[in-house]
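# Structural overview for review
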Amino acid sequence: MRLQTGASVAAFAAAASAKSLSDVCTVVNVKSALPSNGTLLGISLIPSVSTASVVYNATTGGGMGSSTTGSDETYNYCNVTVTYTPPGKGDTVVLKYALPEPSDFKKRFYVAGGGGFSLSSDATGGLEYGAAGGTTSAGYDALNGVSYDSVNLYGNGSINWDATYMFAYQGLGEMTQVGKYLTKGFYGLSSTSKIYTYYEGCSDGGREGMSQIQRYGEEYDGAITGAPAFRFAQQQVHHVFSSEVEKTMDYYPPPCELAKIVNATIAACDPLDGRTDGVISRTDLCKLNFDLTSIIGEKYHCAAETSTSLGFGFSKRSNGGVAKRAAGSSTSYQPAQSGKVTAKGVAVAQAIYDGLHNSHGERAYLSWQIGSELSDAQTSWNNNTKKWELRIPSTGGEYVTKFVQLLNIDNLSNLDGVTYDTLVQWMKTGMERYMDSLQTTLPDLTTFQSSGGKLLHYHGESDPSIPAASSVHYWQWVRKIMYPHLSEQAGLQKLRDWYQFYLVPGAAHCGSNTLQPGPYPQNNMEIMIDWVENGVQPARLNATVSSGEYKGETQMLCQFPSRPLWKSNTTFDCVQDQKSIASWTYEFNAFKVPVY
């Protein structure tokens, strides 16, 4: 417990009896609420530069994949900034907090995830839940939109390790530690008072959430992580894989041909789950039973168009218009396309869905589920040569140039001399170099679990950016590591008491899918709060269909490894099938060390 001066005790008492936001939203109260230096190791606060100002009638924000969607409801809050410096270093870190007015505060603290290479810069996402919230500059001006990939190198060959660790996990962890102290003092609570602390994010925001429960497990009561971009080296290099398949096979399919392959697969595999609704609810059954070569010869046609390719963390999703231009986005022209699906086009798609193997046939990584949009395989039209040509996604190319080759270049210019073995080596280099930072694959969650933490982990089954099997693989390793001496079924039962994982049928990346009108979770935070604070453990996850014939339908999603099987057009069972589960299970024997 920190010592308090007479002045701070008086401020504490004043805050406790205050009735209005203006009474507590003062610099004096903020300063008195901060922990004394030495309380939190590695953090030297600079109280003199703290700020506090009242904000009235504000709308809320949130991180990528959060439940907060910017409703019309408004809130009053105290906008606070706090500054600290790591001992022995000259740089400073600015923390920004949004604290609700006392009558709205429900003893909660909320952390929102970002997306791509950006941390969230909006601290207001928790206001609708009666929670204080915070964000961090991470020491590289992240609050003002500076993305980590723009500062990860000091210069060619020189890694900015401070920024790397801050982006990977440290920035959010320290912001949360300071924020919980600040929140208690701000409202006049005792140092032993319980502040329920929640995390919510998707994509890299999902990875950030996993980083928090892996390294700051004792700080969080509940975490909601969607489509986490963990296993960072494999995940990012995987974005180059489709281009390498096309180069190796020397075939650059027109985008319309790829679209036909995907749409024909959806149509063929849709009924396998027991209901024909435009959604592949069982991609495992599609993988086990559908032959892509059956599409060869089918006709396709697409009109000319100008399209925008979104950067890291985005895909053709339908989530209320949240998608925005990101680093690495580009605009391109596509002429009208007509033809028939070729054997070469199907071979490219099949190789992509099969995943990366080295020249010895050893698996290096998993891939997207069959029927997922082949976004990374999109080719570019050369109006001079009148040919479709290779387009290397910057999502993967930038990782290779900046994080593996350590060159301050935004993308690979070509794949000359690159083989599948090269991709495996890039993955190996990135994995080893950033094992303790960006990989975010620690499977031992004992601290989080033993502190009473609850985890809701979900992933769109047809995610074309981060493969759904990536989440399955991590979930499997957590069960193995946490319960090594229990049978699979007994370990599963223990795990679901605090860690629940859900595949979202048909969903794309962090949102519903324009290609498949399936369900998507809408109220994860309410479910998490009920679980943590009231002990109401979910057995299924609530999701709503937002488009198509079944728009408005509520589906209670099956908890993995159970999978849905429709028995009528209105009801489905959650079933377990070992052959199906085996199709989600991978060993990466191209590497000599475990890849969690």
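Shown above is the structure to which this text applies.
Parameters at a glance
- Residues numbered from 1 in each chain as written.
- Predicted model: local features only at pLDDT ≥ 70, side-chain atom pairs only at ≥ 80, totals over all residues.
- Heavy atoms only, no water.
- Helix = DSSP H or I, 4+ residues; strand = E, 2+ residues; numbered from the N terminus.
- Rg over C-alpha atoms; globule rule 2.2 N^0.38 Å.
- Buried < 20%, exposed > 50% of the residue type's maximum accessible area, 1.4 Å probe, protein only.
- Contact = heavy atoms within 4.5 Å.
- Areas by Shrake-Rupley, 256 points an atom, 1.4 Å probe, with all protein chains shown as cover.
- Phe/Tyr/Trp six-rings, centres within 6.5 Å; stacked < 30°, edge-to-face > 60°.
- Lys NZ or Arg CZ within 6 Å of the ring centre and 35° of its normal.
- Disulfide = S-S within 2.5 Å.
- Axes fitted to C-alpha atoms, helices over the stretch in contact; angles between N-to-C directions.
- Left-handed = near helix turned anticlockwise from the far one by under 90°.
- Nonpolar A, V, L, I, M, F, W, Y, C, P; charged D, E, K, R; others polar.
- Parallel < 35°, antiparallel > 145°, perpendicular 65-115°, else oblique.
- Salt bridge = Lys/Arg side-chain N within 4 Å of Asp/Glu carboxyl O.

## Some thoughts on the overall build of the protein
The secondary structure content of the protein amounts to 16 helices and 25 strands. Computed over the C-alpha atoms, the radius of gyration of the protein is 24 Å, within 12% of the 25 Å expected from 2.2 N^0.38 for a compact globule of 596 residues. If you line up the protein on its principal axes, its C-alpha atoms span 80 × 55 × 50 Å. By residue count, 59% of the 596 residues in the protein fall in the buried class. Partitioning the contacts of the protein with sequence separation of at least 6, the portion at a separation of at least 24 is 72%. For the protein, the accessible area works out to roughly 22400 Å², and carbon and sulfur atoms hold 50% of it.

## Regarding the packing of aromatic side chains
Inspection of the entire model under this criterion finds 30 aromatic pairs. Judged by centre distance (5.7 Å) and plane angle (55°), the ring pair of Tyr 148 and Phe 403 falls under tilted. Pair noted here: Tyr 148 is in the loop between strand E6 (131-136) and strand E7 (153-155) and Phe 403 is in helix H10 (residues 394-404), with a separation of 255 residues, a long-range link. A relative accessible area of 0% means that Phe 403 is categorised as buried. Their ring planes at 65° and their centres at 6.0 Å tell us that Phe 403 and Tyr 434 sit as a pair that is edge-to-face. Note that Phe 403 is positioned in helix H10 and Tyr 434 in the loop between helix H11 (420-433) and helix H12 (446-450), a separation of 31 residues in sequence. Among the aromatic side chains, those forming a connected cluster through ring pairs are Phe 117, Tyr 140, Tyr 148, Trp 161, Tyr 165, Phe 167, Tyr 169, Phe 232, Tyr 399, Phe 403 and Tyr 434. Cation over ring: Lys 480 sits above Trp 477, and NZ or CZ is 4.8 Å from the ring centre.

## Concerning the environment of Gly 552
Its location among the elements puts Gly 552 in the loop between strand E22 (541-545) and strand E23 (554-557). C-alpha separation for the pair Gly 552 and Pro 519, spaced 33 residues apart in sequence, amounts to 8.9 Å.

## Let's talk about unusual backbone geometry
Here the residue pair Phe 560 and Pro 561 is connected by a cis peptide bond, since its omega of 15° sits within 30 degrees of zero. Structurally, Pro 561 is set in the loop between E23 and strand E24 (563-566). At Lys 107, a position not held by glycine, the phi torsion is positive, near 60°. Note that Lys 107 resides in the loop between strand E4 (93-100) and strand E5 (108-112). Residue Lys 107 is classed as partly exposed on the basis of its relative accessible area of 40%.

## Quick notes on the state of the cysteines
Scanning the model with the defined rule gives 5 disulfides in all. With its sulfur 2.1 Å from that of its partner, Cys 256 forms a disulfide with Cys 302. The disulfide joining Cys 256 to Cys 302 has a torsion of about 80° about its S-S bond and is therefore right-handed. Taken together, the residues span a long stretch of sequence, with Cys 256 in helix H7 (residues 255-269) and Cys 302 in strand E11 (residues 299-302) at a distance of 46 residues. Assessed through its relative accessible area of 2%, Cys 256 is described here as buried. At a sulfur-sulfur separation of 2.0 Å, the disulfide partner of Cys 269 is Cys 286. Because the torsion about its S-S bond is 65°, the bridge between Cys 269 and Cys 286 counts as right-handed. Remark: Cys 286 occurs in helix H8 (residues 283-289) and Cys 269 occurs in helix H7; sequence separation between them is 17 residues. Indicated for the protein is the disulfide connectivity 1-2, 3-8, 4-7, 5-6, 9-10, based on numbering the bonded cysteines in sequence order.

## Quick look at the packing of helix H4 (residues 161-186) against helix H5 (residues 204-215)
It is the contact of H4 with H5, at a shortest axis distance of 9 Å, that shows an interaxial angle of 65°. Like other packed secondary-structure pairs, H4 and H5 cross with a definite hand, here right-handed. The residues of H5 that touch H4, namely those facing Phe 167, Ala 168, Tyr 169, Leu 172 and Gly 173, are Asp 204, Arg 207, Glu 208, Ser 211, Gln 212 and Arg 215. Across the contact of H4 with H5, the residue classes tally to 4 nonpolar, 3 polar and 4 charged.

## Some details on the packing of helix H6 (residues 232-249) against H11
For the pair H6 and H11, interaxial distance at closest approach is 10 Å and the crossing angle is 170°. By the criterion of interaxial angle, the relationship of H6 to H11 is roughly antiparallel. Along the contact surface, H6 presents Ala 233, Gln 234, Val 237, His 238, Val 240, Phe 241, Glu 244, Val 245 and Thr 248, while H11 presents Tyr 420, Leu 423, Trp 426, Met 427, Gly 430 and Met 431.

## Looking at the environment of Lys 89
Turning to its location among the elements, Lys 89 is positioned in the loop between strand E3 (75-85) and E4. Classification of Lys 89 as partly exposed rests on a relative accessible area of 41%. Spatially, the C-alpha atom of Lys 89 lies 46 Å from that of Leu 374, the residues being 285 residues apart in sequence.

## Quick notes on the pattern of salt bridges
Pairing is possible between side chains of opposite charge, provided their charged atoms come close. If you walk through the whole model with that rule in mind, you get 16 salt bridges. Taking the shortest distance from any N to any O, the salt bridge between Asp 204 and Arg 207 comes out at 2.7 Å. Of the two residues, Asp 204 and Arg 207 are both situated in helix H5; the distance of 3 residues between them amounts to about one turn of the helix. Summarising the burial analysis for this pair, Asp 204 and Arg 207 share the class buried. Between Lys 247 and Glu 244 there is a salt bridge, with its nearest N and O atoms 3.7 Å apart. With Lys 247 and Glu 244 both in helix H6 and 3 residues apart, this pair spans about one turn of that helix. The class for Lys 247 is partly exposed, based on a relative accessible area of 25%. Shared partners join several salt bridges into a network, and the residues in it are Arg 282, Asp 284, Glu 461 and Arg 563.

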